[in-house]
Amino acid sequence: MDWVWTIIVAAIVLCIICITIGVVIIIRCSEDDTIRKKNPDFQEVLVGNGVDVKTGRYIYGDPHFMNKDGIENYRTVVTNSHLNGWKVILSDIRTGKQYKCSFIAQAVIGRDPVVRRAETRMIIPDGSVSKTHCRLLISGDVLVIKDENSKNGTYLNGKQVVGSPVLRDGDRITIGNSTFRVHAEKER
């Protein structure tokens, strides 16, 4: 008879736990809806590898629904402020080929196609370009460029990059054996 009471008590405890979990889920869902209704800046975006799949913009924010690879592959909610950033196009002066990226913190320029978590990369498939050649960084309202100890150096308008000089629309940068015209614009 003792085992019957043990089973009954275990079943009651299990029911209480299930009900508690259900209530917590309902409260959480209603809180998310309340936040969305109170803040019209919230948007739902489909994010893959930290990038808004539709616009190609990098998304900063709290990761939601991470899969085992660390990639967000479900809808997540971010604010418009997380979408502000820069769009950069590098046009090879010799060939006319263009390389594009959008980012809100920094972008790595190099030949290494491996994207690390939370990293925007502009891949230039050229043996004279280091794997991680240089970075574009947002500093306040300006864009700066920083060499990453690359083998062949990075040059801005013919001068070797030392420190983090400001990069402006129309500048020329030399990365490896290629020189690019920069088109940079702030996204809103």
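Higher on the page you've got the structure.
Here is what the cut-offs are and how they apply
Residues numbered from 1 in each chain as written. Predicted model: local features only at pLDDT ≥ 70, side-chain atom pairs only at ≥ 80, totals over all residues. Heavy atoms only, no water. Patch = residues over 30% accessible without salt bridge, like charges linked within 9 Å, V, L, I, M, F, W, Y side chains within 5 Å. Areas by Shrake-Rupley, 256 points an atom, 1.4 Å probe, with all protein chains shown as cover. Salt bridge = Lys/Arg side-chain N within 4 Å of Asp/Glu carboxyl O. Helix = DSSP H or I, 4+ residues; strand = E, 2+ residues; numbered from the N terminus. Buried < 20%, exposed > 50% of the residue type's maximum accessible area, 1.4 Å probe, protein only. Phe/Tyr/Trp six-rings, centres within 6.5 Å; stacked < 30°, edge-to-face > 60°. Pairing = 2+ DSSP bridges.

(A) Highlighting a nonpolar patch on the surface. A grouping of Val9, Val13, Ile17, Ile21 and Ile25 is seen on the molecular surface, where their side chains present a nonpolar patch of about 430 Å² in accessible area. Checked against the element boundaries, Val13 lands in helix H1 (residues 2-38). On the basis of relative accessible area, Val13 is assigned to the partly exposed category, the value being 41%.

(B) Geometry of the packing of aromatic side chains. Counted according to the given criterion, the structure contains 1 aromatic pair. Taken together, a centroid distance of 5.8 Å and an interplanar angle of 85° make the contact between Tyr99 and Phe180 edge-to-face. With Tyr99 in strand E5 (residues 98-103) and Phe180 in strand E14 (residues 178-187), this pair connects stretches of sequence that are 81 residues apart. Just as Tyr99 is buried, Phe180 falls in that class too.

(C) A look at the sheet that holds strand E8 (residues 134-139). The strand order across the open sheet formed by 5 strands is E7-E6-E8-E9-E12, and the pairing between neighbours is mixed. Lying at the two open borders of the sheet, with one neighbouring strand each, are strand E7 (120-123) and strand E12 (166-167). Alignment of E8 against strand E9 (residues 142-147), held across 6 bridges, turns out to be antiparallel. If you follow Cys134 over to E9, its bridge partner there is Asp147.

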